[in-house]
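A closer look at the structure
Letter by letter, the chains look like this.
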Amino acid sequence: MSERIEKANALIRRYSYWSAGFGLIPVPVVDLAAITGTQIKMVHALSGLYGREFSEDRVRAAIGALAGAAVPIAVGAGTVSALKTVPVLGQIAGTLALPALAMAATVAVGRVFVHHFEAGGTLLDFDPEKMKAYFEAEFNRAKDGSGADAPTSAAASETQSAA
């Protein structure tokens, strides 16, 4: 594994822990905004690592499209966040579930962008539709706890071509 991928993995890990922590925020919607902001900052850091120009608007749209493409994931996080409005039991359930979903989603977003940047891509040519299946696969891997680090470029290419 290249040194750059190792650095990217370290960034993904760090930001995924931050996302999990923000999932503990007891206020619905505020938690999701903090998680999305963390993902944007992560992509900014990854863009810098890969020497790519950064655009917050493009990244925000890409993250929204990836999450929207994986409707069960997006609905799940929103539902879990909304659970926090239900006194006591809802708050407990939401507080326990959202950090894990936030961490998995952040790992998946990071892996998608590492894969894209490793292939020579930029934010200008990022196509969320083409990355949807890869995002879903990486989200499920992260959620299941398999594969602590981003896949190598070869493994990423195999997953991408299968999509």
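Attention in this report is confined to the structure presented alongside it.

So, how was this worked out
- Residue indices begin from 1 for each chain and proceed along its sequence in written order.
- The model is predicted, so local features are restricted to residues of pLDDT at least 70 and side-chain atom pairs to those at 80 or more, both for listing and for counting; the totals for chains, interfaces and linings are taken over all residues.
- Side-chain metrics in this entry use all non-hydrogen atoms of the structure; hydrogen atoms and water are not considered.
- For helices the rule is a DSSP run of H or I covering at least 4 residues; for strands it is a run of E covering at least 2, with both sets numbered from the N terminus onward.
- Pairs of residues are marked as contacts when any of their non-hydrogen atoms sit within 4.5 Å.
- Computed with the Shrake-Rupley method and a 1.4 Å probe, the accessible areas treat only the protein chains shown as cover for residues.
- We call a set of buried residues a nonpolar core when its members are Ala, Val, Leu, Ile, Met, Phe, Trp, Tyr or Cys and they connect through side-chain atoms within 4.5 Å of each other.
- Burial classes follow relative accessibility: with a 1.4 Å probe on protein chains only, a residue under 20% of its type's maximum area counts as buried, one over 50% as exposed, and anything between as partly exposed.
- Only centres within 6.5 Å qualify two rings of Phe, Tyr or Trp (six-membered ring in Trp) as a pair; their planes then separate them into stacked at under 30 degrees, edge-to-face at over 60, and tilted for everything else.
- Contacts described as polar in this section are N or O atom pairs within 3.5 Å, which, within protein, must combine one atom able to donate a hydrogen with one able to accept it, while residues neighboring in sequence count only if both atoms come from side chains.
- Axis definition: a line fitted to C-alpha atoms, over the contacting stretch in the case of helices. Angles run 0 to 180 degrees between N-to-C directions.
- For classification, angles of less than 35 degrees are called roughly parallel, those exceeding 145 degrees roughly antiparallel, those between 65 and 115 degrees roughly perpendicular, and all remaining angles oblique.
- Helix crossings fall into two classes, left-handed where the near helix is turned counterclockwise from the far one by less than a right angle and right-handed where it is turned clockwise.
- Think of it as three bins: nonpolar holds Ala, Val, Leu, Ile, Met, Phe, Trp, Tyr, Cys and Pro, charged holds Asp, Glu, Lys and Arg, and polar takes everything else, Gly as well.
- Note on definitions: salt bridges are taken to be side-chain nitrogens of Lys or Arg within 4 Å of carboxyl oxygens of Asp or Glu.

**As for the overall build of the protein**
Each helix and strand counted, the protein has seven helices and zero strands in total. The secondary structure elements of the protein, listed N-terminal to C-terminal, are α-α-α-α-α-α-α. Look at the contacts in the protein between residues 6 or more apart in sequence, and 70% of them connect residues 24 or more apart. Counting every atom, the protein has about 8000 Å² of accessible surface; 62% of that belongs to carbon and sulfur.

**So, the nonpolar core**
Membership of the largest hydrophobic core comes to 29 residues, with the highest contact counts inside it found for Leu46, Leu66, Val109, Val112, Phe113 and Phe126. Of all the secondary structure elements, the ones that give two or more residues to this core are helix 1 (3-22), helix 2 (30-49), helix 3 (56-69), helix 5 (89-118) and helix 6 (128-144). The dominant element in this core, judged by the number of residues it contributes, is helix 5, at nine residues. Aside from chain neighbours lying at most four places away, what touches Leu66 is Val112, Phe113, Phe126, Pro128, Met131, Lys132 and Phe135.

**Remarks on the packing of aromatic side chains**
According to the stated counting rule, one finds five aromatic pairs in the structure shown. Ring geometry for Phe113 and Phe126: centres 4.5 Å apart, planes at 15°, overall stacked. Here Phe113 is found in helix 5, whereas its partner Phe126 is found in the loop between helix 5 and helix 6, with 13 residues between them in sequence. Here Phe113 and Phe126 have matching classes, each one buried. Between Phe135 and Phe139, the ring centres sit 6.5 Å apart and the planes meet at 25°, which makes this aromatic pair stacked. In this pair, Phe135 and Phe139 are both assigned in helix 6, four residues apart and thus about one turn of the helix distant. Considered together, Phe135 and Phe139 belong to a single accessibility category, that of buried residues.

**A few points about the environment of Thr122**
Along the chain, Thr122 falls in the loop between helix 5 and helix 6. With near-sequence residues (within four places) excluded, Thr122 lies in contact with Arg52, His116 and Phe117. Separated by 3.1 Å, the side chain of Thr122 and the backbone nitrogen of Leu124 make a polar contact.

**Comments concerning the side chain of Thr106**
Take Thr106: it is sitting in helix 5. On the basis of relative accessibility, which here comes to 0%, the residue Thr106 falls in the buried class. Among the polar contacts made by the side chain of Thr106, one reaches the side chain of Ser19 at a distance of 2.7 Å. Dropping the residues within four chain positions of it, Thr106 is found in contact with Tyr15, Ser16, Ser19, Ile35, Gln39 and Met42.

**Some thoughts on the packing of helix 1 against helix 2**
Packing of helix 1 against helix 2 leaves a shortest axis separation of 9 Å and a crossing angle of 170°. The pairing of helix 1 with helix 2 is recorded here as roughly antiparallel in orientation. Of the two elements, helix 1 crosses helix 2, and the hand of that crossing is right-handed. Residues Arg4, Lys7, Ala8, Leu11, Ile12, Tyr15, Trp18, Ser19 and Phe22 of helix 1 pack against Asp31, Ala34, Ile35, Thr38, Gln39, Lys41, Met42, Ala45, Leu46 and Leu49 of helix 2. Across the contact of helix 1 with helix 2, the residue classes tally to 12 nonpolar, three polar and four charged.

**Regarding the pattern of salt bridges**
On inspection of all chains with the given rule, the structure shows five salt bridges. When the shortest N-O distance is used, the salt bridge between Glu118 and Arg4 registers 3.5 Å. Residue Glu118 is found in helix 5, and its partner Arg4 is found in helix 1; the two are separated by 114 residues along the sequence. For Arg4, a relative accessible area of 35% corresponds to the partly exposed category. With its nearest N and O atoms 2.8 Å apart, the salt bridge here joins Arg111 to Glu138. Taken together, the residues Arg111 in helix 5 and Glu138 in helix 6 connect sequence positions 27 residues apart. Summarising the burial analysis for this pair, Arg111 and Glu138 share the class buried. Here the residues in one salt-bridge network are Arg111, Glu138 and Arg141, joined through shared partners.

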